[in-house]
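Spelled out, the chains give:
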Amino acid sequence: MKQLKGTSLFVKALKEEGVDTVFGYPGGMVTDIFDELYKEDGIEVILPRHEQALIHEADGYARSTGKVGVCLVTSGPGAANTVTGIATAYYDSVPLVCFSGQVPLHLIGNDAFQEVDIIGMTRGICKFGMILKNREDLGRVIKEAFYIARTGKPGPVVIDLPKNLMVEMGSAEYPKEVNIRGYKPSTGVHIGQLKKAMGLLWKAKKPLMLIGGGVNIARAGALLTQFVEETKIPVVTTIMGKGAIDTDHPYYIGNLGMHGEYAANMAVSECDVLYSIGTRFSDRVTSKISEFAKNAQIVHIDIDSAAISKNIKVDIPIVADAGEALAAMLKYNKRCDTDEWMEIIRGWKAEHPLGMKPARGVCPETVIEYINKTFKESIVVTDVGQHQMWTTQYLELTKGKQLLTSGGMGTMGYGLPAAIGAKLGNPDKPVICISGDGGMQMNIQEMATAVAHELPVIICIMNNGYLGMVRQIQELFYSRHYSSVCTCWRKGCDTKCGGPSSKCPPYSTDFVKLAEAYDAMGIRVEKEEEIAPAFEKAMQNTKGPTIIEFIIDRKDMVYPIVQGGKPLTDMILE
Amino acid sequence: MKKRWISLYVENYSGVLAKVAGLFSAKAYNLDSLTVGATEDPTVSRMTIGVISDDATFEQIKKQLNRCVEVIKVIDFTSIPIHRNELLYIKVACPAKEDREEIFRIAQAFGAAVIDCDMENVLLQCVQTEQRNDSLIALIRDNFKDIEVVRGGSVAIESISMM
Ligand SMILES: Cc1ncc(C[n+]2csc(CCOP(=O)(O)OP(=O)(O)O)c2C)c(N)n1
Ligand SMILES: [Mg+2]
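Each value, and the rule that gives it
Residues numbered from 1 in each chain as written. Chains lettered and ligands numbered in written order. Predicted model: local features only at pLDDT ≥ 70, side-chain atom pairs only at ≥ 80, totals over all residues. Heavy atoms only, no water. Helix = DSSP H or I, 4+ residues; strand = E, 2+ residues; numbered from the N terminus. Rg over C-alpha atoms; globule rule 2.2 N^0.38 Å. Buried < 20%, exposed > 50% of the residue type's maximum accessible area, 1.4 Å probe, protein only. Contact = heavy atoms within 4.5 Å. Near = heavy atom within 4 Å. Polar contact = N/O pair within 3.5 Å; in protein donor to acceptor, adjacent residues only side chain to side chain. Areas by Shrake-Rupley, 256 points an atom, 1.4 Å probe, with all protein chains shown as cover. Core = buried A, V, L, I, M, F, W, Y, C linked by side-chain atoms within 4.5 Å. Buried area = accessible area lost by both parts, 1.4 Å probe. Salt bridge = Lys/Arg side-chain N within 4 Å of Asp/Glu carboxyl O. Patch = residues over 30% accessible without salt bridge, like charges linked within 9 Å, V, L, I, M, F, W, Y side chains within 5 Å. Donors = N, O, S within 2.8 Å, 3.2 Å for Na, K, Ca; no water. Phe/Tyr/Trp six-rings, centres within 6.5 Å; stacked < 30°, edge-to-face > 60°. Lys NZ or Arg CZ within 6 Å of the ring centre and 35° of its normal. Axes fitted to C-alpha atoms, helices over the stretch in contact; angles between N-to-C directions. Left-handed = near helix turned anticlockwise from the far one by under 90°. Nonpolar A, V, L, I, M, F, W, Y, C, P; charged D, E, K, R; others polar. Pairing = 2+ DSSP bridges. 1 Å grid on protein atoms, 1.4 Å probe; cavity = no way out; pocket = protein on both sides within 12 Å on 5 of 7 lines; lining within 4 Å. Points joined across faces, edges and corners; volume = space filled by probe spheres on them.

### Re the overall build of chain A
- Each helix and strand in chain A was counted, giving 22 helices and 22 strands.
- A compact globule built from 574 residues would reach a C-alpha radius of gyration of about 25 Å, and chain A, at 24 Å, matches this within 12%.
- If you line up chain A on its principal axes, its C-alpha atoms span 75 × 65 × 45 Å.
- Every one of the 574 residues in chain A was classed for burial, and the buried ones make up 57%.
- The long-range fraction of contacts in chain A, counting pairs at least 24 apart against all pairs at least 6 apart in sequence, stands at 76%.

Listed below in C-alpha cells is the structure:
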C-alpha cells in the first residue's frame, strides 16, 4: 500500500475537493502544512492580516461563488481569533471548512504553548467540529467536513489537526464516498403537504410570499421569479432574501422587518396566507411575535426542520430545499386574482415610499443610487450599522447583482474582508464595499491584503463620525444620551454631549491618508457633485483598492424603524 | 410544563457528551437528567435524557438534537412502552437500634436492598423509577437527620411486550 505523509494527503484532499484558494495564516502548528502548500502550484494561498478577517474573506468568497471556503490557521491565538468569523458564517449558513493546527496529541491537556480547545470553543457556533485523533482517519474526516459544510443547510465545519498526525505516514487514500449515519440531509419534497400549502394560496384573497436567505443560498431566484409571474403573488423579502427576485419586479414589495419598508410590513400584517420559504423568522423579521401576520395562515418551507415552528407557529410545515420546493411548486401553480390586493399594496407604497430627507453632507441614498445605475453586474458587500440598513433599503438587485451582508450575527468588521474574498472569487465583477467609520476600523488591516493581491475593490465609507446605528437608538429611545458612540470624541469633550455642534473635533482618522499609508488610493467626498468623479477615479484604479470616504450628515437616520418588541405595524416613519 | 423522556443513539467519540449537554445549556432547555453509556456496538453510545418542557420546546429539543451530526437517532418515549429505572444510594446515620429497624422496614416496603451497614450507618440501594426514589428519599429525610444521597439518573429501554 502506498503511504503518504499527513500533510501530503491534506493537500491531495483539497485538490480532490476542487479547492483552488486557501485562506491561511501560518504559525508553529501548521508550518508543516504550509510547507506542503508551498510545493503545490494549483492552490493559491491568500495571506490576510488577521484570522477573524481570514474567515470573513473565506466567507465572502463562499457566498459569492457558492463554493466551500477553506481556512487554515495555527493553534492557540490563531484558532481563537477565528471565533467571530465562524459564528458569522454559521448564522448566515455559509459553507466553510476551517482547519486549525493543534499541539501534538501527547501535549493536549498539558496547557502547552498555544494549546486551546478550539473545538470546545466553537461547539455552539459551527455545524460540526472535531479533532483528529488518528492519522488513518484524516482522509475520511476531510471528506466528511466538505460534505457537511456544503450540503443541507450549509455551515462552517471546524477540524482540529494535531501537529504530530500531520507529519505521520499513513494511508494515501482519499475516500470517494461519504456515509455519516447521523447526518442525512433531507432531499425531495412532500408533495401532499405542498399541494395543501398551495391550496391555501388559491383560496387566499391576500396571499403573500415571504422569501428568506434560503432561496438565495439555493440559487433559486429564477424559479421564484417564474412562480411569481405565473401566480401574480406579491413578494416581501428578509435582508438575506433580498435579490431572490429582481427588486424592480412589479410584484416585489420590499424588505420587511425592523427597518423594512412600510408597504412590506403592512402587507405581512394584513395578508391572509403567508407563504414563506427559507427564513428562520428571526426577531428582526417578526418583531412582536404575537402580532406577526396575525390574520394569516402560514406555510413554512425550510431545509432545516428545526427552523420550523421554532419562532412562530405554522399551519403547514414543509421540510425541503428551497430550490426543490419551488421546482415542484411550478408544476401545480395557477394564476391568482391578486389585482385588488396589489392595489392596496401600491396604495401603501405611495403613502410612505422609502426615501431619505435632504440633509447636510452627502446623502447615502444618492451614493447608493449612483452605484445602482453604474454597476450592472456587481457584488455589493456591507459592514454593519446604518450604512448597511440604507444599503438593504436602497440597493437595487437585479440579475447578476449580489448583496453580501452579515445578517444573522451583524458582525462589524465583516465588510472589507468579505469584499476581498468576493473579489478573489469573482475577479471580473466589480466589488463594492459599503462600510462605516466604526466598522471600517475593525478590520482595517485588510487594506494590506487587498493591496498585496492588487484587488480593485471600491470601499465606500459612510463617515458620520458616529457608531450611527447605536446613536440612532439612543436618540429615539434613550433620551439622546449619546453614550460611547461618538467616533470624533477627544479628551476634553463634554462627557454628557447632547449631539454634534460646531465645536466638535474632526473625525480623528484621516481615511485618505490611511489609504495612502497602505499604498492604496483614497478620495474624500464632501459634496454631492463629487460622487461621480470619485467613482470614476476609483474605477480607473484597476490595480488596487480605493477608499472613498463620504462625509455624511452626522444625524442621518434609518427609517422606518420598529422598536424591539413592538408590532411591525408600529413603525416610526420619520 | 411536563417531564418527558427521550433516548439518543450517539457516536461514541470524545466531545459528543459536551455537544449534547452544551445544546441544552446554550438554548436554556431544562435538562433534568442525562445518562450515557456504550451500547452493544462499541462505536455507539446511548443516552437517556429527562427534560421538563412545554410541548413546543420539546419539539424543538428533538429537532435540535436530530440536527447534530453526532446524533444518530432520537427516540421520543412519550408514547412508547418502556422500562425505566434509576439507581439510588442512600446512606443513613442511625445509631439507635430502633432507627435501624425502621430503616430496614422502609427498605423492605420500597424494595430497596441493604447493601452495607455497621452499628452506626445503613446503606440502601434502590433501583426504581425516579419518582419512587423521590418518595423514598422524602420519607427518609423526614425521619432521619443525617443522610447522604447519590443518584445515577435514569436509564430506559423499550419494552419487549406491549405493557
Ligand atoms: C463586533 C460588533 N460590535 C458591536 C456591534 C454593535 N453595533 C451595531 S451597529 C454599530 C455601529 C456601527 O458604526 P459604524 O460602523 O460607524 O456604522 P454606522 O451605523 O454609523 O453607519 C454597533 C456598535 C456590532 N454589531 N458588532
Ligand atoms: Mg458611523
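Now, onward.
### Looking at the site of ligand 1
Residues and elements named next belong to chain A.
- The immediate surroundings of ligand 1 are formed by 17 residues, with Gln386, His387, Gly410, Gly439 and Gly468 found nearest.
- A distance of 2.8 Å separates a nitrogen atom of ligand 1 from a polar atom in the backbone of Gly410.
- Protein coverage of the free-state accessible area of ligand 1, which is 580 Å², stands at 77%.
- Every element with two or more residues in the shell around ligand 1 is listed here: α17 (386-394) and α20 (468-477).

### A word on the nonpolar core
Residue and element names in this part refer to chain A.
- Core analysis: the biggest nonpolar cluster contains 64 residues, and Met209, Leu274, Tyr275, Ile277, Phe292, Ile301 and Met329 have the highest contact counts within it.
- Setting aside chain neighbours within four positions, we find Ile301 in contact with Leu194, Tyr275, Ser276, Ile277, Gly278, Ile318, Ala320, Ala325 and Met329.
- If you look at the next biggest cluster of nonpolar residues, it comprises 49 residues, including Ile420, Cys488, Ala515 and Ile547.

### With respect to the interface of chain A and chain B
- Contacts between chain A and chain B engage 20 residues on the former and 19 residues on the latter.
- Across the chain A to chain B interface the summed buried area is about 1500 Å²; carbon plus sulfur atoms make up 47%.
- Considering only the surface of chain A that becomes buried against chain B, Arg123(A), Arg181(A) and Gly182(A) emerge as the three largest contributors, covering 40% of it.
- Salt-bridge contacts for Arg181(A) lead to Glu11(B); the nearest nitrogen and oxygen are separated by 2.8 Å.
- Counting across the chain A and chain B interface gives seven residue pairs in polar contact (both at pLDDT 80 or more).
- Sort the elements by how many residues they give to the side of chain A that touches chain B and strand β6 (residues 128-131) of chain A lands first, with three residues.

### So, a nonpolar patch on the surface
- Taken together, the side chains of Leu87(B), Tyr89(B), Ile115(B), Val127(B) and Val150(B) present a nonpolar region at the surface, about 390 Å² in accessible area.
- Using a relative accessible area of 35% as the deciding quantity, one classes Leu87(B) as partly exposed.

### Observations concerning the coordination of the magnesium ion (ligand 2)
Residue and element names in this part refer to chain A.
- With distances of 2.1 Å, the protein atoms coordinating the magnesium ion (ligand 2) are Asp437 (OD), Asn464 (OD1) and Tyr466 (O).
- Taken in sequence order, the residues that donate to the magnesium ion (ligand 2) follow the motif D-x26-N-x1-Y. Note that Asp437 is positioned in the loop between β17 (431-436) and α19 (447-452) and Asn464 in the loop between β18 (458-463) and α20, a separation of 27 residues in sequence.
- You can call Asp437 buried: its relative accessible area is 1%.

### Let's talk about the packing of aromatic side chains
All names here are of chain A.
- As enumerated under the stated definition, the model contains twelve aromatic pairs over all chains in all.
- Taking 6.0 Å as the distance between ring centres and 90 degrees as the angle between the ring planes, the aromatic pair formed by Trp341 and Trp348 counts as edge-to-face.
- A residue is classified by how much of its surface remains accessible, and Trp348, at 10% relative accessible area, is buried.
- Between Phe375 and Phe535, the aromatic rings sit 6.1 Å apart at their centres with planes inclined by 65 degrees, giving edge-to-face as the arrangement. Here Phe535 lies in helix α22 (residues 531-540) and Phe375 lies in the loop between α16 (364-374) and β15 (378-382), a separation of 160 residues in the sequence. Residue Phe375 shares its accessibility class with Phe535, and that shared class is buried.
- Members of the aromatic cluster, joined through ring pairs, are Tyr370, Phe375, Phe535 and Phe550.
- The ring of Tyr466 carries the charged tip of Arg471 above its face, separated from the ring centre by 5.4 Å.
- When the ring centre of Tyr466 is taken as reference, the NZ or CZ atom of Arg554 above it lies at 4.2 Å.

### Focus: the packing of helix α12 (residues 262-270) of chain A against helix α15 (residues 339-351) of chain A
Residue and element names in this part refer to chain A.
- Following both chains from N to C, one finds α12 and α15 inclined at 145 degrees, their axes separated by 8 Å at the closest point. Read as a crossing pair, α12 and α15 show a hand that is right-handed. Residue-level contacts link Tyr262, Ala263, Met266, Ala267 and Glu270 of α12 to Trp341, Ile345, Trp348, Lys349 and Glu351 of α15.
- Its residues assigned to classes, the contact of α12 with α15 comprises seven nonpolar, no polar and three charged.

### Digging into the sheet that holds strand β5 (residues 96-102) of chain A
Residues and elements named next belong to chain A.
- Strands sit in the order β3-β2-β4-β5-β7-β6 across an open sheet of six strands; the sheet is parallel. Among the strands making up the open sheet, the edge pair consists of β3 (44-46) and β6. Averaged over all pairs of adjacent strands, the angle between their axes in this sheet comes to 20 degrees, without regard to strand direction.
- Pairing between strand β2 (residues 21-24) and β3: three bridges, direction parallel. Looking at β3, one finds that Thr21 is bridged to Glu44.
- This element, helix α5 (residues 83-91), spans β5 and β7 (156-162) of the sheet and lies at about 145 degrees to β7.

### Quick look at the pairing of β7(A)
All names here are of chain A.
- Most of β7 sits out of view: seven of its seven residues are buried.
- On β7, burial covers both faces: Pro156, Val158, Asp160 and Pro162 on one face and Val157, Ile159 and Leu161 on the other are all buried.
- Relative to β7, β5 runs parallel, the two being bridged by seven bridges. Looking at the pairing, Phe99 lines up with Ile159 of β7.
- By the bridge criterion, four bridges tie β6 to β7 in an arrangement that is parallel. Bridge pairing in β7 links Met130 to Ile159.

### Quick word on the sheet that holds strand β16 (residues 401-404) of chain A
Residue and element names in this part refer to chain A.
- Read across the open sheet, the six strands follow the order β16-β15-β17-β18-β20-β19; overall the sheet is parallel. Edge strands, defined here as strands with exactly one partner in the open sheet, are β16 and β19 (521-525). Neighbour to neighbour, the strand axes of the sheet diverge by 20 degrees on average, direction disregarded.
- Pairing geometry for β19 and strand β20 (residues 546-551), over five bridges, is parallel. Each bridged residue has a counterpart across the sheet, and for Ile523 the counterpart in β20 is Ile548.
- The sheet contacts of helix α3 (residues 51-65) involve β15 and β16, and relative to β16 the element is tilted by about 145 degrees.
- In the packing of α17 onto the sheet, the strands contacted are β15, β16, β17 and β18, and the crossing angle to β17 comes to about 135 degrees.

### Description of the layout of surface pockets
- Taken as a whole, the second largest pocket encloses approximately 690 Å³ of empty space.
- Taken together, 35 residues line the second largest pocket, and the ones lying closest to its centre are Gly129(A), Met130(A), Ile131(A), Tyr13(B) and Ser14(B).
- Elements represented by at least two residues in the lining of the second largest pocket include exactly α6 (118-122), β6 and α7 (138-150) of chain A together with α1 (16-26) of chain B.
- Broken down by element, the residue count for the lining of the second largest pocket peaks at four residues, all from β6(A).
- Here the residues of the lining of the second largest pocket sort into 15 nonpolar, eight polar and twelve charged.

### A few points about the pattern of salt bridges
- Evaluation of the coordinates by the stated rule reveals 35 salt bridges over all chains.
- Note that Lys294(A) and Glu291(A) form a salt bridge whose closest N and O atoms lie 3.0 Å from each other.
- A residue is classified by how much of its surface remains accessible, and Glu291(A), at 29% relative accessible area, is partly exposed.
- Put simply, Lys97(B) and Glu101(B) hold a salt bridge, and the shortest N to O gap is 3.4 Å. Residue Lys97(B) and its partner Glu101(B) are located together in helix α3 (residues 97-110), separated by four residues, close to a single helical turn.

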